[in-house]
Structures are given as structure tokens and as C-alpha cells.
Amino acid sequence: MQRSLYLDPAKCTGCLQCEMACSYEKLGEFNPSRSLIKVFTFHEEGRFAPYTCTQCDDAWCLRACPVDAITINLSTAAKVVNEAKCVGCKVCTIACPFGTVNYVHETGKVGKCDLCDGDPACARACPTEAITFIDANATGYERMRAFAEKSISAANATAS
């Protein structure tokens, strides 16, 4: 069964445990500024939303890489950056429509979520289950459509 991260902003408290876990897993240090997952803060509403690479089926970052440094991990379906091949040209960062492939100044390469080889530290660390690692079929188009319809209904009710 293929699995993917499911991010539920309604459950996010902004605790940043996901960012801390990611940076520790990847770098061995607690440094949220170098995390591959970020929590966006909506100050006006007092809400938070975790975001990271969505591991797109049609990964623009992978297709854009001129040196084929981004490949697919066959067991997790994560799009993984091979640092030995990456030349730091940043073409993948431009190609990503979500802004989740980032240039890492310390290495001169790019970084993105690789699902921690099938055991994402961010999901393990999240105390509210705002980030979970679930069956990939449960995160698809129909779920997004249902969420959009719910949001439109709520907006219409508020406007009335």
C-alpha cells in the first residue's frame, strides 16, 4: 500500500514539533529554520497550516532537473534529491508550483521532503495528528473536492 502525508490545518496548533523533528532527523540538530516542513501562520485568524512537498505524481521538480538529480524512491514514491548529483542550479525550485523545494545555502544543493524513507519524523512528532502518514488513496482528488465544497458552503453561509 502506498502512503502519503496528510496535512490537516484545522488540527494544527502551531507548536512546531514537526519542524523540530524534521530538522533533528535530517541534520541532527533542532533548527526549525532548516526543516523541510514548515508551519505557515495566519496571524489575523490565529490559525496555522503545516506544508511540505506533496510528492506530486507528475513531479515538475523531477522533470525540470537538468542533471536527473531527483529520482523516485520506488518503495515510498517520494521524489528524492541525490545530493551527489545535484549541482545547485535551482531549476527545480522554480518548477515546483508549491514552493516546497528549497535551496540550502550551507550545502549549495536543494532540499525537499523525502518522507524519511517511509517513516516521516514530522508525523511521529505531531501531538494533534495535524500531520499523519496514511493510505495515499485517502488523500486524493475526491477528498480535496469534498474539502473545497465544504469551504464554499461555509463561505456562502457566512456571506448570507
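Just so it is clear, the model here is predicted, and its values are computed rather than measured. Within every chain, residues take consecutive numbers counted from 1 along the sequence as written. Residues qualify for local features only when their pLDDT is at least 70, as the model is predicted, and side-chain atom pairs are given and counted only at 80 or more; totals for whole chains, interfaces and linings, by contrast, use all residues. Values reported for side chains reflect all heavy atoms of the structure, with hydrogen atoms and water molecules removed beforehand.

Novice: Would you explain the domain arrangement of the protein in this entry?
Specialist: The accessible area lost on association of the parts is a frequent measure of interface size. Domain annotation for the protein reports domain 1 (1-52 + 117-147) and domain 2 (56-112). Computed from C-alpha atoms alone, the centre-to-centre distance between domain 1 and domain 2 is 19 Å. At the interface, 8 residues of domain 1 touch 9 residues of domain 2. Of the roughly 630 Å² buried between domain 1 and domain 2, counting both surfaces, carbon and sulfur atoms make up 53%. Note that the domain bounds were set by an automatic or database domain assignment. Residues count as neighbours in contact if any of their non-hydrogen atoms are within 4.5 Å of one another. Buried area: the sum, over both parts, of the accessible surface (1.4 Å probe) that disappears when the two are put together.

Novice: What am I meant to see in helix H1 (residues 17-27) here?
Specialist: Residues that lie three or four places apart on an α-helix share one face, since the helix turns once every 3.6 residues. Using a 1.4 Å probe on the protein chains alone, a residue whose accessible area is under 20% of its type maximum counts as buried, one over 50% counts as exposed, and one in between counts as partly exposed. Elements are defined by DSSP. Helices are runs of H or I of four residues or more, strands are runs of E of two residues or more, and each kind is numbered from the N terminus. Taken together, the buried positions of H1 are occupied by Cys18, Glu19, Ala21, Cys22 and Ser23. Packing partners of the buried residues in H1 comprise strand S2 (38-42), helix H4 (121-125) and strand S8 (131-135). Gly28, located one to two residues past H1, shows a positive phi value of around 75°.

Novice: Can you help me understand the pattern of salt bridges in this one?
Specialist: Here the idea is simple: oppositely charged side chains can pair when their charged atoms come close. Salt bridges are defined as contacts in which a side-chain nitrogen from Lys or Arg sits within 4 Å of a carboxyl oxygen from Asp or Glu. Inspection of the entire model under this criterion finds 5 salt bridges. Between Asp58 and Arg63 there is a salt bridge; the shortest N-O distance is 3.3 Å. Relative accessible area serves as the criterion here: at 45%, Asp58 is assigned to the partly exposed category. The residue Asp119 makes a salt bridge to Arg124 at a minimum N-O spacing of 3.2 Å.

Novice: Would you explain the packing of aromatic side chains in this entry?
Specialist: The geometry of an aromatic ring pair is captured by the separation of the ring centres together with the interplanar angle, meaning the angle of the planes. Geometry of aromatic contacts follows a simple scheme: Phe, Tyr and Trp rings, the Trp one being its six-membered ring, pair when their centres are within 6.5 Å, and the pair is stacked under 30 degrees between planes, edge-to-face over 60, tilted otherwise. Under the definition given, this model contains 2 aromatic pairs. Aromatic side chains Tyr24 and Phe30 sit 4.7 Å apart centroid to centroid with 15° between the ring planes, which places their arrangement in the stacked category. A relative accessible area of 56% places Phe30 in the exposed class. Taking the centre distance of 4.7 Å and the plane angle of 70° together, the rings of Phe40 and Phe42 count as edge-to-face. The class of Phe42 is partly exposed, set by a relative accessible area of 27%. When the ring centre of Phe42 is taken as reference, the NZ or CZ atom of Arg47 above it lies at 4.7 Å. The ring of Tyr103 has Lys90 lying over it, and the distance from NZ or CZ to the ring centre is 4.3 Å. Only when the NZ atom of a Lys or the CZ atom of an Arg is both within 6 Å of the ring centre and within 35 degrees of the ring normal do we say a charge sits over the ring.

Novice: In this structure, what is going on with the layout of surface pockets? I would like to understand it.
Specialist: Leftover empty space is mapped by rolling, across the atoms, a probe with the size of a water molecule. In this analysis a 1.4 Å probe is tested at points of a 1 Å grid over the protein atoms alone, and where it fits but cannot get out there is a cavity; an open set with protein on both sides within 12 Å along at least five of seven lines is a pocket; lining residues have an atom within 4 Å of a point. Grid points are joined across faces, edges and corners, and a volume is the space filled by probe spheres set on the points. Estimated volume of the second largest pocket: approximately 450 Å³. If you go around the second largest pocket, you meet 20 residues; those closest to its centre are Leu36, Val104, Val110, Gly111 and Lys112. Broken down by secondary-structure element, the contributors of at least two residues to the lining of the second largest pocket are H1, strand S5 (79-81), strand S6 (102-104) and strand S7 (109-111). In terms of residues, the lining of the second largest pocket owes the most to one element, S6, which gives 3 residues. Amino acids are sorted into nonpolar (Ala, Val, Leu, Ile, Met, Phe, Trp, Tyr, Cys and Pro), charged (Asp, Glu, Lys and Arg) and polar (every other residue, Gly among them). Classifying every residue of the lining of the second largest pocket by side-chain character gives 7 nonpolar, 6 polar and 7 charged. Each of domain 1 (1-52 + 117-147) and domain 2 (56-112) accounts for three or more of the residues forming the lining of the second largest pocket.

Novice: Help me understand the environment of Arg63, please; the structure alone is not making it clear to me.
Specialist: As for its placement among the helices and strands, Arg63 is situated in helix H2 (residues 60-64). Exposure remark for Arg63: the relative accessible area of 55% places this residue in the exposed category. Here the alpha-carbon distance between Arg63 and Ala121, two residues 58 residues apart in the chain, equals 27 Å.

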